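Here are the chains, one letter per residue:
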Amino acid sequence: MHAEDRTTHLFVGTMKGLFHFTSTDRATWQRISFDFAEQPVYTTAFDPSTGTLFAGVNGDFFGMTVQRSQDLGASWKATATAPSYGADDPEKVTRVWSFLPSPEEGEGVVYAGVEASGLFRSADGGDTWTEVASLRRHPTHETWNPGNGGKCLHTIRRDPNDPDRLYIAASAGGIYRSDDRGTSWRPVSKGIRSDFMPEPMRYPESGQCVHKFGMPAGKAGRIWLQNHGGVYRSDDGGDTWVRVDEELPSDFGFPVVAHPHNPDSAWIVPLGGDGGRWCVNHQLGVYRTDNAGNSWRSQHQGLPDQVWTGVLRNAMTADREPEVGLYFGTTVGGVWSSPDEGDSWHEAARNLPRVLSVEVVGPRR
Amino acid sequence: MIRVHLPRQLADELGAPAQLTIGPEPDVAAVIARLEALHPGMRQRLTEADGNLRPHLAVYVDERDARRHGGVAATVPDGAEVWVLRAVSGG
């Protein structure tokens, strides 16, 4: 891309296909294209090292495909194969929920997280896939169960401070860490609550319904985590967790976004727990902390109230500009952007299908 | 010869014609194998990992629902019309 190109690309995956928008000010948007009609798009991910954009397209009729674009969504082509468990496996791969392009491990390396929860790795840009079988072979795998959205491995991250260290989270299953690039895994969920278990069993080793986690650069071991009940922070790579939701109007929500430049800052979208899972007080908005979760403030300038909607786990993200841009989509098909770290919000689109995923490809990749 | 009718969405994605004629094949599994050879990716979209038809697809051999006649083992007589259809589902 030309050095002076200031275009930001927004890829919005919905229940009925993938929308592509662009903007040069991150406030006013133009719709460029629409692909994969009728098919739910649970995740998209961009690999800046190769310029490859991946989309997980979870069609009801013809199954899941991994789609790849080398021209920022102008054209797409399915990879030669998609992740699949063996013919005799009691579980089936029905959806892809997450990608992690991993140039740290070699050109063309990409991970995929799938439903039923499992992890796959490709070394050829997605054409062939091998299960990272050590994860499902972990003795705690029997504690994994489907959440309301399915039994899904929805988040994969590489520790920005340690390239050998990988994390995944599954709902329900918990958060797991590998210190050897996926060769072995252990749950790092101890201390995270499982509301849905009997009282004496609410802090198990695994099985938690972790909704999302994020990791900032610049502070080794820090993880932000939105649980099915509870917002948590870890400063030691998940070995221990502290709750940071005391000041929040609700401890329930789906996404959490780590500030890309400031490890003490993060954003979440609190939803009314079991009372409908809509934005608290029907005010669409995010909450931000700048002091490691000790306090939070609401950011909703420009966002509507009287809404009956929420934001799903893969439907919020941030770019890497010096003044960070934020982006989210709602369950009633609204898409919003903030060019100033949440201080003001602008409507990028309305009346789309239910938004499942949002990926941004900004000028700084 | 066997005449195969494909859903438009599937044909378009794989660059296949919506209708194509192939040589005689004994059963639905062999028809799918032939389609895979002609248009790679077809098997993945029509069958699951265990080789059975995807649950939201219907395959008719002439006027017989293959799923009720052995699934991918359903026989395909020479001269048959094979219809691959999206089942009545969705929202």
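Below you will find a few notes about this structure. Since this is a predicted model, take the numbers as computed values, not measurements.

As for the overall build of chain A
Okay, so step 1: Each helix and strand counted, chain A has one helix and 28 strands in total.
Okay, so step 2: Since a compact globule built from 365 residues should have a radius of gyration of about 21 Å, the 19 Å found for chain A is in line with a globular shape.
Okay, so step 3: If you line up chain A on its principal axes, its C-alpha atoms span 50 × 50 × 40 Å.
Okay, so step 4: Buried residues in chain A amount to 55% of all 365 residues.
Okay, so step 5: Taking the intrachain contacts of chain A between residues at least 6 apart in sequence as the baseline, contacts between residues at least 24 apart amount to 49%.

Re the interface of chain B and chain A
Okay, so step 1: On the side of chain A, 13 residues touch chain B, which itself brings 16 residues to the contact.
Okay, so step 2: Residue assignment for the side of chain B that touches chain A shows that the elements contributing at least two residues are α1 (8-14) and α3 (42-46) of chain B.

Comments concerning helix α2 (residues 28-38) of chain B
Since there are 3.6 residues in each turn of an α-helix, residues three or four apart along the chain are aligned in direction.
Residues and elements named next belong to chain B.
Okay, so step 1: Of all the residues in α2, the buried ones are V28, A29, V31, I32 and L35. One face of α2 carries all of its buried residues, which in axial projection span an arc of 160°.
Okay, so step 2: Packed against the buried residues of α2 are β1 (2-5), α3, β3 (57-61) and β5 (81-86).

What to know about the pairing of strand β21 (residues 266-271) of chain A
All names here are of chain A.
Okay, so step 1: For β21, a buried count of six out of six residues is recorded, marking the element as mostly surrounded by other parts of the structure.
Okay, so step 2: Pairing between strand β20 (residues 252-258) and β21: five bridges, direction antiparallel. Pairing of A258 across the sheet is with A266, part of β21.
Okay, so step 3: Pairing between β21 and strand β22 (residues 286-289): three bridges, direction antiparallel. Counterpart to W267 in the pairing with β22 is R288.

Digging into the sheet that holds strand β7 (residues 77-78) of chain A
Pairing between the strands of a sheet is mediated by backbone hydrogen bonds and can be parallel or antiparallel.
Okay, so step 1: Here four strands make up an open sheet; going across it, the order is β4-β5-β6-β7 (chain A) and the pairing antiparallel. Only two strands of the sheet have a single partner each, and these edge strands are β4 (41-47) and β7 of chain A.

Thoughts on unusual backbone geometry
All names here are of chain A.
Okay, so step 1: The peptide bond linking E115 to A116 adopts the cis configuration, its omega dihedral lying at 0°.
Okay, so step 2: Here A116 lies in the loop between β9 (110-115) and β10 (118-122).
Okay, so step 3: For the bond from S171 to A172, the omega torsion is -20°, close enough to zero to count as cis.
Okay, so step 4: Of note in this structure, E38 is not a glycine but carries a positive phi near 75°.
Okay, so step 5: In this fold, E38 is placed in the loop between β3 (30-35) and β4.

Re the environment of Y203(A)
Residue and element names in this part refer to chain A.
Okay, so step 1: Assignment of secondary structure puts Y203 in the loop between β15 (186-187) and β16 (210-214).
Okay, so step 2: With 14 residues separating them along the chain, Y203 and S189 place their C-alpha atoms 8.5 Å apart.
Okay, so step 3: When sequence neighbours within four positions are dropped, the list of residues in contact with Y203 reads K190, G191 and R193.

Overview of the environment of H9(A)
Residue and element names in this part refer to chain A.
Okay, so step 1: Relative to the helices and strands, H9 resides in strand β1 (residues 8-14).
Okay, so step 2: Residue classification places H9 among the partly exposed positions, given that 19 C-beta atoms sit within 10 Å.
Okay, so step 3: Spatially, the C-alpha atoms of H9 and H261 are 20 Å apart, while their sequence positions differ by 252 residues.
Okay, so step 4: Once residues within four sequence positions are removed from consideration, H9 is found in contact with H20, T22, L72 and V361.

Reading the values: the criteria
- Residues numbered from 1 in each chain as written.
- Chains lettered and ligands numbered in written order.
- Predicted model: local features only at pLDDT ≥ 70, side-chain atom pairs only at ≥ 80, totals over all residues.
- Helix = DSSP H or I, 4+ residues; strand = E, 2+ residues; numbered from the N terminus.
- Rg over C-alpha atoms; globule rule 2.2 N^0.38 Å.
- Buried ≥ 20, exposed ≤ 12 C-beta atoms within 10 Å, placed from the backbone.
- Contact = placed C-beta atoms within 7 Å.
- Arc of directions from axis to C-beta.
- Pairing = 2+ DSSP bridges.

Shape descriptors only; they carry no functional weight alone.
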